[in-house]
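Results of the structural survey
Spelled out from the first residue to the last, the chains are:
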Amino acid sequence: MEQTVTKQHSELADLIAQNSKTDGVHATAIERLFLIRSSQPTMPLYALHEPALCIVAQGKKQVMLADKLYVYGRDRCLVVSIDLPVAGQVIEATPTVPYLCLRLDLDPAELSTLMMEAKLDATANQQPPGLSLSPVSPQLLDAAIRLLRLLETPEDIAILAPLVVREILYRLLSGEQSARLRQIALADKKLQGISKAINWLKWNYEKPFRIEAIAREACMSTSSLHHHFKSVTAMSPLQYQKQLRLLQARRLMLGQGMDAATASHHVGYESPSQFSREYSRLFGAPPLRDIARLKNSQEM
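A brief structural summary.

Criteria and thresholds
What you see as residue numbers is a count from 1 along each chain, following the sequence as written. Residue-level local features of this predicted model are given only where pLDDT is at least 70; pairs of side-chain atoms are given and counted only at 80 or more, and the full residue set underlies all totals for whole chains, interfaces and linings. To obtain the side-chain values, all non-hydrogen atoms of the structure were included, while hydrogens and water were left out. In this text, buried Ala, Val, Leu, Ile, Met, Phe, Trp, Tyr and Cys residues form a nonpolar core when linked through side-chain atoms within 4.5 Å. We call a residue buried when its accessible area falls under 20% of the maximum for its residue type, exposed when it is over 50%, and partly exposed in between, using a 1.4 Å probe and counting protein chains only. A helix here means a DSSP run of H or I that spans at least four residues, while a strand means a run of E at least two residues long, and both kinds are numbered starting from the N terminus. The contact rule is simple, with two residues in contact once any of their heavy atoms fall within 4.5 Å. Working convention: axes come from line fits to C-alpha atoms, limited for helices to the stretch in contact. Angles between N-to-C directions cover 0 to 180 degrees. Here is the rule for angles: anything less than 35 degrees is roughly parallel, anything more than 145 is roughly antiparallel, 65 through 115 is roughly perpendicular, and the remaining ranges are oblique. Patch membership requires over 30% relative accessible area and the absence of a salt bridge. Like charges are linked within 9 Å, and nonpolar side chains (Val, Leu, Ile, Met, Phe, Trp, Tyr) within 5 Å. Accessible surface is estimated by sampling points in the Shrake-Rupley manner with a 1.4 Å probe; for residues, cover comes only from the protein chains shown. Any carboxyl oxygen of Asp or Glu within 4 Å of a side-chain nitrogen of Lys or Arg constitutes a salt bridge here. Think of it this way: DSSP has to see at least two bridges between two strands before they count as a pair. Each residue after the first adds 1.5 Å to the expected span of a helix. By the criterion applied in these results, polar contacts are pairs of N or O atoms within 3.5 Å in which, for protein atoms, one can donate a hydrogen and the other can accept it, and in which residues neighboring in sequence qualify only through two side-chain atoms. Put simply, a crossing is left-handed when the front helix is turned counterclockwise from the back one by less than a right angle, and right-handed when it is turned clockwise. Three classes are used: nonpolar for Ala, Val, Leu, Ile, Met, Phe, Trp, Tyr, Cys and Pro, charged for Asp, Glu, Lys and Arg, and polar for all others, with Gly counted as polar.

What to know about the nonpolar core
Ranked by internal contacts, the top residues of the largest apolar core, which has 52 residues, are Leu65, Tyr72, Leu78, Tyr99, Leu131, Leu225 and Phe229. Broken down by element, the residue count for this core peaks at seven residues, all from helix 9 (residues 237-255). Phe229 has contacts with Ile194, Ala197, Ile198, Leu201, Ala234, Met235, Ser236, Pro237 and Tyr240, leaving out every residue within four places of it along the chain. Counting 38 residues, the second-largest nonpolar core is a separate cluster that includes Ala13, Leu33, Leu140 and Ala161.

Printed below as a string of structure tokens:
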């Protein structure tokens, strides 16, 4: 069995390498499938991670969610079931043995349809976290390999890719990730409320924080919202809003050339000094130094 899995990882790595010649995130001809390559360890990349499955074929990566660290390589896959602000960092990669990974974005509607067709049990005993790691089965690897092989025969993608994606989703729904995936597929009442709260925060992050308004949007009490929000996202709604604000401010400074004061005001901060403190706490350096560092790493 171990020999088979090693061979599968090797083939998966070859397929990813063939279809991603340079470092970065590469879209493919298969909808929602992306290939990721890095020839060296990276700085932490802060971003809002949407629901997705990530399978590593080579190298290692770590993801930080609030104060929790998740490290994964070939033996474990990452599943994110709800939008989460995370810091991802490739920690094992070289030019000769680059980090290679595939990411398949998850569609709740597709999961829901598959659950009904397969008559899978929808019950769950607890509210699972929105991000977790689990072992990669040989069956899941086999399906991932067959999906990537379709990139060599583009004429087959329209017909065969949806079938292989369904198999991958079925493997996830039948395995250790079943509880969290079944909840997003069926819009579990509590998770649906958390999703509404997250969507409200995503579109209104620059507005003053009012827990009562978010609770009304989620159709939950403030105490219930706090409890279930933290169980899924590992942070409070206020911490979540702060990270969204800081991520957006960083994008504005890096991508649009805004100065720190303008960016902080744009995302809802009234105090530039508070913005600078919280920015330094999250990104490890004040805005000016952090943006200079990022621009220098991009040039390199």
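Right, picking up where we left off after that structure.
Describing the packing of helix 9 against helix 11 (residues 272-283)
Between helix 9 and helix 11, the least distance of the axes is 10 Å, while the angle of their chain directions is 90 degrees. The pairing of helix 9 with helix 11 is recorded here as roughly perpendicular in orientation. Contact residues: Lys242, Gln243, Leu246, Leu247, Ala249, Arg250 and Met253 in helix 9; Phe275, Glu278, Tyr279, Leu282 and Phe283 in helix 11.

Looking at a nonpolar patch on the surface
A contiguous nonpolar patch, built from Met64, Leu69, Val71 and Ile91 and spanning about 290 Å² of accessible area, is present on the exposed surface. With respect to the helices and strands, Val71 occurs in strand 6 (residues 68-72). Looking at Val71, the relative accessible area reads 31%, which means it is partly exposed.

Describing the pairing of strand 2 (residues 33-38)
The buried fraction of strand 2 amounts to five of the six residues, a majority that puts the element mostly inside the structure. Pairing of strand 1 (residues 24-27) with strand 2, which is carried by four bridges, proceeds in the antiparallel orientation. Paired with His26 across the strands is Leu35, a residue of strand 2. Linking strand 1 to strand 2, which pair antiparallel, is a turn of five residues; within it Arg32 sits at a positive phi near 70 degrees. One ladder, built from six bridges, connects strand 2 with strand 9 (residues 99-105); its direction is antiparallel. Following the sheet pairing, Ser38 is matched in strand 9 by Tyr99.

Observations concerning helix 3 (residues 138-149)
Residues spaced three or four apart along an α-helix point in a common direction, a consequence of the helix completing one turn every 3.6 residues. The terminal C-alpha atoms of helix 3, which comprises twelve residues, lie 16 Å apart, in line with the 16 Å expected from a rise of 1.5 Å per residue. When we look at burial in helix 3, the residues that qualify are Leu140, Leu141, Ala143, Ala144, Ile145, Leu147 and Leu148.

Thoughts on the environment of Glu278
Its location among the elements puts Glu278 in helix 11. Linking Glu278 and Lys242, residues 36 residues apart in sequence, is a C-alpha distance of 8.3 Å. Contact partners of Glu278, with chain neighbours within four places excluded, come to Lys242, Leu246 and Tyr269. Here the side chain of Glu278 touches Tyr269 through a polar contact of 2.4 Å, side chain to side chain.

Observations concerning the pattern of salt bridges
Pairing of side chains with opposite charge becomes possible as their charged atoms draw close. According to the stated counting rule, one finds nine salt bridges in the structure shown. Arg149 serves as the salt-bridge partner of Glu11, at 2.7 Å between the closest nitrogen and oxygen. Here Glu11 is found in helix 1 (residues 2-18), whereas its partner Arg149 is found in helix 3, with 138 residues between them in sequence. A residue is classified by how much of its surface remains accessible, and Arg149, at 37% relative accessible area, is partly exposed. Two residues, Arg293 and Asp290, come together in a salt bridge whose shortest N-O distance is 2.7 Å. Placement of both Arg293 and Asp290 in helix 12 (residues 287-299) is noted, with a separation of three residues, approximately one turn of the helix. Classification of Arg293 as partly exposed rests on a relative accessible area of 34%. One salt-bridge network, in which partners are shared between bridges, spans Asp142, Arg146, Glu167 and Arg171.

Examining the packing of helix 3 against helix 4 (residues 157-174)
Close contact between helix 3 and helix 4 brings their axes to 9 Å; oriented N to C, the two are set at 160 degrees. Between helix 3 and helix 4, the interaxial angle falls into the category roughly antiparallel. In this structure, helix 3 crosses over helix 4, and the sense of that crossing is left-handed. The segment helix 3 lies against helix 4, with Gln139, Leu140, Ala143, Ala144, Arg146 and Leu147 engaging Ala161, Val164, Val165, Glu167, Ile168, Arg171 and Leu172. Classifying every residue of the contact of helix 3 with helix 4 gives nine nonpolar, one polar and three charged.

Comments concerning the sheet that holds strand 6
Spatially, the four strands line up as an open sheet ordered 3-8-5-6, and their pairing is antiparallel. Sheet topology places strand 3 (45-49) and strand 6 at the edges, where each strand pairs with a single neighbour. Taken pair by pair, the neighbouring strands of this sheet meet at an average axis angle of 30 degrees, ignoring direction. Where strand 5 (residues 60-65) lies against strand 8 (residues 84-92), five bridges are found, and the strand directions are antiparallel. Considered in strand 8, the bridge of Lys61 is made with Val90. Each of strand 3 and strand 8 touches helix 9; the most contacted strand, strand 3, lies at about 120 degrees to it.

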